[in-house]
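# Architecture at a glance
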Amino acid sequence: MRRLFYTLVLLAVLAMGVPALAQNDRAGTYTPIAYDETVTGEITDASAVQAYLFEGSAGDIIDITLTAVDNAFDPRLYLFTQSSYENGEIAIADDDDGGNGLNSYLQEFALPETGAYIIEATRFSGEGSYELTLNIVGVAVEGTAVGSTLAYGDSVEGEITADTERLLYNFDGISGDVISISMTADDTTALDPYLSLYTDADFRTDGAVVAENDDFEGLNSRIDQFTLPEDGNYVIVASRFGGEGPFTLTLEAEGMRDMSVAQDIVL
């Protein structure tokens, strides 16, 4: 009887562990999802595990959110390389309650290799409809450190060091917005700031800078009253002509249009 009891306990533990290993068919048809896309689905007792496929590059920094509609169930998500998924290996990342309430939010995860990845949408408990969102929020670059997501009117502090030669910031803009960005060193005898502005697409593909400045006020930098050429996400690169030290970065716009920001660039 005792042996039977322990056997039943072991089976129960293994059953509880199934989500962590995401045991389903694993080598089947996947639903495609791309960066900056949201898809919908439904978790039921008959379909408690659903798999999504995307292509990523080593160093891509991603966010994944799995949100239950009307908080109907407790979501859980897992991330695998396609090969690890189909070979029955454990997830390379997962989250249960990292989002609002019981929702899942895998934040700022850097992909370890170039290739295909599987997102598994499942549950801790319950059933119901969900939204799954995959965003690319940055690219790991050597010598580049964590910056901030900005909105018009924001002012943030950063520091250029020997190990951190530049910081990335981004914001969402609309064609025709007239903006100014200033980078002011605490001590210009220690740091000579340099500012560059890119569209998000150009930054990711080593494209051309859309605006830059070295010495606007003394050694401090300012991109002054620049008109954004298109709608979308923009990347501010705060760097140096020379030296190191702390600085203040400010983003302003004529009329100070109040807006939320679409993405982050973080490392």
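Predicted model, so just to flag it, every value in this text is computed and none were measured. (Residues numbered from 1 in each chain as written. Predicted model: local features only at pLDDT ≥ 70, side-chain atom pairs only at ≥ 80, totals over all residues. Heavy atoms only, no water.)

### Description of the overall build of the chain
When helices and strands are counted, the chain shows four helices and 18 strands. Residues counted as buried form 44% of the 267 residues belonging to the chain. Excluding contacts between residues fewer than 6 apart, the proportion of contacts in the chain whose partners are at least 24 apart in sequence is 77%. In the structure as shown, the chain presents an accessible area of about 13200 Å², 49% of it carried by carbon and sulfur atoms. (Helix = DSSP H or I, 4+ residues; strand = E, 2+ residues; numbered from the N terminus. Buried < 20%, exposed > 50% of the residue type's maximum accessible area, 1.4 Å probe, protein only. Contact = heavy atoms within 4.5 Å. Areas by Shrake-Rupley, 256 points an atom, 1.4 Å probe, with all protein chains shown as cover.)

### Some thoughts on the sheet that holds strand β18 (residues 245–253)
Pairing in this open sheet of four strands is antiparallel, and the strands run β11-β18-β13-β16 from one edge to the other. Among the strands making up the open sheet, the edge pair consists of β11 (155–160) and β16 (221–227). Each neighbouring strand pair of the sheet contributes to a mean axis angle of 15°, computed without reference to strand direction. Relative to β16, strand β13 (residues 178–185) runs antiparallel, the two being bridged by five bridges. Counterpart to Val178 in the pairing with β16 is Thr227. (Pairing = 2+ DSSP bridges. Axes fitted to C-alpha atoms, helices over the stretch in contact; angles between N-to-C directions.)

### Here we look at the nonpolar core
Counting residues in each nonpolar core, the largest one holds 25 residues, and the members touching the most others are Phe171, Ile179, Leu197 and Leu249. Apart from residues lying up to four places away in sequence, Leu249 is in contact with Leu150, Asp154, Ser155, Val156, Tyr169, Ile181, Ser182, Met183, Leu195 and Ile236. Tyr52, Leu79, Leu106 and Ala121 belong to the second largest nonpolar core, which has 22 residues in total. (Core = buried A, V, L, I, M, F, W, Y, C linked by side-chain atoms within 4.5 Å.)

### Looking at the environment of Tyr234
Looking at the element boundaries, Tyr234 is found in strand β17 (residues 232–243). Among the polar contacts made by the side chain of Tyr234, one reaches the main-chain carbonyl oxygen of Glu230 at a distance of 2.6 Å. (Polar contact = N/O pair within 3.5 Å; in protein donor to acceptor, adjacent residues only side chain to side chain.)

### Some thoughts on the pattern of salt bridges
If charged atoms from side chains of opposite charge come close, those side chains can pair. Summed over all chains, the structure comprises six salt bridges. Residues Asp94 and Arg76 are paired through a salt bridge, measuring 3.0 Å at the closest nitrogen-oxygen approach. Taken as a pair, Asp94 in strand β6 (residues 93–95) and Arg76 in strand β5 (residues 73–81) lie far apart in primary sequence, 18 residues in all. The exposure class of Arg76 is buried, given its relative accessible area of 17%. When the shortest N-O distance is used, the salt bridge between Arg222 and Asp224 registers 2.8 Å. (Salt bridge = Lys/Arg side-chain N within 4 Å of Asp/Glu carboxyl O.)

### Comments concerning the confidence of the model for the chain
Across the chain, pLDDT averages 83, with 81% of residues at or above 70. Of the regions scoring below 50 in pLDDT, residues 1–24 engages in 15 contacts with residues more than four places distant in sequence or in other chains. Predicted confidence for residues 257–267 stays below pLDDT 50, and this span has 48 contacts to residues more than four positions away or in other chains. (pLDDT = per-residue confidence, 0-100.)

### Description of the packing of aromatic side chains
Considering all chains together, one arrives at eight aromatic pairs under this definition. Ring centres of Tyr35 and Phe54 lie 5.9 Å apart, and the angle between their planes is 50°; on these two criteria the pair is classed as tilted. Of the two residues, Tyr35 is situated in the loop between β1 (31–32) and β2 (37–43) and Phe54 in strand β3 (residues 50–56); the sequence distance between them amounts to 19 residues. Residue Tyr35 is classed as partly exposed on the basis of its relative accessible area of 23%. Judged by centre distance (5.6 Å) and plane angle (70°), the rings of Tyr198 and Phe203 are edge-to-face. Neither Tyr198 nor Phe203 differs from the other in exposure class; each is buried. An aromatic cluster of at least three residues, connected via ring pairs, comprises Tyr30, Tyr78, Phe80 and Tyr85. (Phe/Tyr/Trp six-rings, centres within 6.5 Å; stacked < 30°, edge-to-face > 60°.)

### Structural notes on the environment of Pro32
Examined against the element boundaries, Pro32 turns out to sit in strand β1. Distance in space between the C-alpha atoms of Pro32 and Phe54 is 6.1 Å, their sequence separation being 22 residues.

### Focus on the environment of Arg204
Residue position: Arg204 is located in helix α4 (residues 200–204). Taking C-alpha positions, Arg204 is 8.6 Å from Gly138, a pair spaced 66 residues apart along the chain.

### So, the side chain of Asp214
Locating Asp214 in the fold gives a position in the loop between β15 (211–213) and β16. Salt bridges are absent for the buried Asp214, whose nearest opposite-charge side chain, Arg240, sits at 11 Å. Among all residues touching Asp214, those that are not within four sequence positions of it are Asp192, Pro193, Tyr194, Leu219, Asn220, Ser221 and Phe241. (Lys, Arg positive; Asp, Glu negative; His and termini not counted.)

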